[in-house]
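# Residue-level structure breakdown
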Amino acid sequence: MRPSDMLALSGGAPAIDKTLAKPIWPETLPQDETAVVEALRKNDLTSLYAGGAVEMLEAAWSEWIGTKHCITVSNGTSALKLALAALDVGPGDEVIVPALSFIASAIAPLHIGARPVFADINPRSFNLDPKVLPALLTPRTKAIIVVHLHGLPADMSEITAFARQNSLHVIEDAAQAHGATYQDKHVGTLSEIGVFSLNASKNLPTCGEGGLITTDDDTLADRLQKLRQFGERLKRGERRLYLHEDIGWNNKLGGIPAAYTLSQLDRFGTSNALRESTVRRFLDRLRDLPGLIVPETLPDRSHVWHILRFLVDAEYAGFPHLTNKAFRLATQRALRAEGVPVEPYQQRPLPAQPIFAEEDRTAMCRSGRELPVKPFSAESYPITSRVIDDSFTLQRVHLNSGADAFLQACADGFEKVFGVHREQVARIAQSIAARTA
Ligand SMILES: Cc1ncc(COP(=O)(O)O)c(C=O)c1O
């Protein structure tokens, strides 16, 4: 066997040659640099700069996705907190949150004194499973934070119907899903309030931190604008009165990050389309590999491929005696040796995070009152727990529009690990299982 055909774990040449350029995200082009320098030179530095980058970004994003209002903010986590506060969610209220997400989806309710109540997920879409909602409903339930995880829209029809029947608010956490559509409408327009992150790692990035909130509701837009601005109502073209009507925060976006995102937005549609074809070409090569389940979209929605989550299935790979977890750990190790940067995304369900542990009072103290905390048990979130055990991910930086050559080399690595060398990887899984038994 030639060294290039052997597993890198056994001394073969890795599938990803060291000389292959590593993808970089965000991609900063000369026009992005010019936009930032122009904002600097004009002193367009804060959200108070009339007609500046912040206002232009708000107008451009609301037009792009089709909402009446867009309010820029300092980051996606603050956007979630402001959205909850604008809907009058607060101490004593419960907010339903999927058990698989980034911590921000669960921490935002805590920041305003509400309690997150966790929902298990669908095993293929990895999004909140609407079927579990009735069991989570209590007289205190006030809102649902729906996360469009990894770039795939959640089951919005079912979730919004349930919310309507039970008079609950719905906030879309679209931090990972800019530009994704559900029944031909963009995420962020499918409920009362949509929330986006502009963190540098996101599909629509800034050169640092930022966030966007979208709504069609004039009253909510007015409240959100006040809440990000010390509770103060600012009127365009009028003198500032320093009158503080609400207990707001300082969660504004600066002119420079706004100018950078505005410039990125010029090519957002094109780069989404390019990523769609690059990722499709990659997934097409992996789809028939035994024991690997590739992420898919659904017929009524589009996926914007922020993160690719791959499930493994030991039985389907021909190893019914192995657990999926042991097979995942072994394939992950073998892929990483090939230079394929797969890694877990979220190592535990959100309710298993230390802040929700019974003996840890931090979360409760911050929110100013004793929260009834249910001790975590994996049985309460069987799908989330299984998905975390049985899957690994490839993340945004490796999926950008210019990453075609890199992804094709990754596909070579997957073919080695799940194809010709599958038996050898299974033996590694066997020894992992024996060690952890
Ligand atoms: C699903 C989700 N929600 C919220 C956030 C929070 O966004 P930010 O990092 O801008 O605060 C993130 C960021 O990673 C996220 O992935």
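Just so we're clear, the structure is a prediction, and the values are computed from it rather than from any experiment.

### Overview of the overall build of the protein
Regarding its fold elements, the protein presents 14 helices and twelve strands. Taken against the 2.2 N^0.38 rule, which gives 22 Å for 437 residues, the C-alpha radius of gyration of the protein at 23 Å falls within 12% of a compact globule. A principal-axis box enclosing the C-alpha atoms of the protein has dimensions of 75 × 55 × 40 Å. Looking at the 437 residues of the protein, the share that counts as buried comes to 55%. Restricting the contact set of the protein to residue pairs at least 6 apart, pairs at least 24 apart contribute 70%. Here the protein has roughly 18600 Å² of accessible surface; of this, 54% comes from carbon and sulfur atoms. Measuring between centres, the 47 positive side-chain charges of the protein sit 3 Å from its 51 negative side-chain charges.

### Re the domain arrangement of the protein
As far as domains go, the protein holds domain 1 (30-265) and domain 2 (269-436). In this complex, domain 1 contributes 40 residues to the contact, which on the side of domain 2 involves 40 residues. Summed over both partners, the interface of domain 1 with domain 2 comes to about 3400 Å²; 59% of that surface belongs to carbon and sulfur atoms. Of all residues in domain 1, Phe 118, His 150 and Asn 203 give up the largest surface area on contact with domain 2, accounting jointly for 18% of the area buried on that side. Applying the counting rule to domain 1 against domain 2 returns one salt bridge. The interface formed by domain 1 and domain 2 holds 16 residue pairs in polar contact (both at pLDDT 80 or more) in total. Those elements that place two or more of their residues in the side of domain 1 that touches domain 2 are strand E2 (94-98), helix H4 (104-111), strand E3 (115-119) and strand E6 (181-182).

### Quick look at the sheet that holds strand E8 (residues 193-197)
As summarised here, the arrangement of the seven strands in space is E1-E9-E8-E5-E4-E2-E3, forming an open sheet in which the pairing is mixed. The outermost strands of the open sheet, each flanked by one partner alone, are strand E1 (69-73) and E3. Direction aside, neighbouring strands of the sheet carry axes that sit 25° apart on average. Across the sheet, helix H3 (residues 76-86) touches E1, E2, strand E4 (141-147), strand E5 (169-173), E8 and strand E9 (211-215), and the angle it forms with E8 is around 165°.

Basis of the calculations
- Residues numbered from 1 in each chain as written.
- Predicted model: local features only at pLDDT ≥ 70, side-chain atom pairs only at ≥ 80, totals over all residues.
- Heavy atoms only, no water.
- Helix = DSSP H or I, 4+ residues; strand = E, 2+ residues; numbered from the N terminus.
- Rg over C-alpha atoms; globule rule 2.2 N^0.38 Å.
- Buried < 20%, exposed > 50% of the residue type's maximum accessible area, 1.4 Å probe, protein only.
- Contact = heavy atoms within 4.5 Å.
- Areas by Shrake-Rupley, 256 points an atom, 1.4 Å probe, with all protein chains shown as cover.
- Lys, Arg positive; Asp, Glu negative; His and termini not counted.
- Charge placed at Lys NZ, Arg CZ, Asp CG, Glu CD.
- Domains from an automatic or database assignment.
- Buried area = accessible area lost by both parts, 1.4 Å probe.
- Salt bridge = Lys/Arg side-chain N within 4 Å of Asp/Glu carboxyl O.
- Polar contact = N/O pair within 3.5 Å; in protein donor to acceptor, adjacent residues only side chain to side chain.
- Pairing = 2+ DSSP bridges.
- Axes fitted to C-alpha atoms, helices over the stretch in contact; angles between N-to-C directions.

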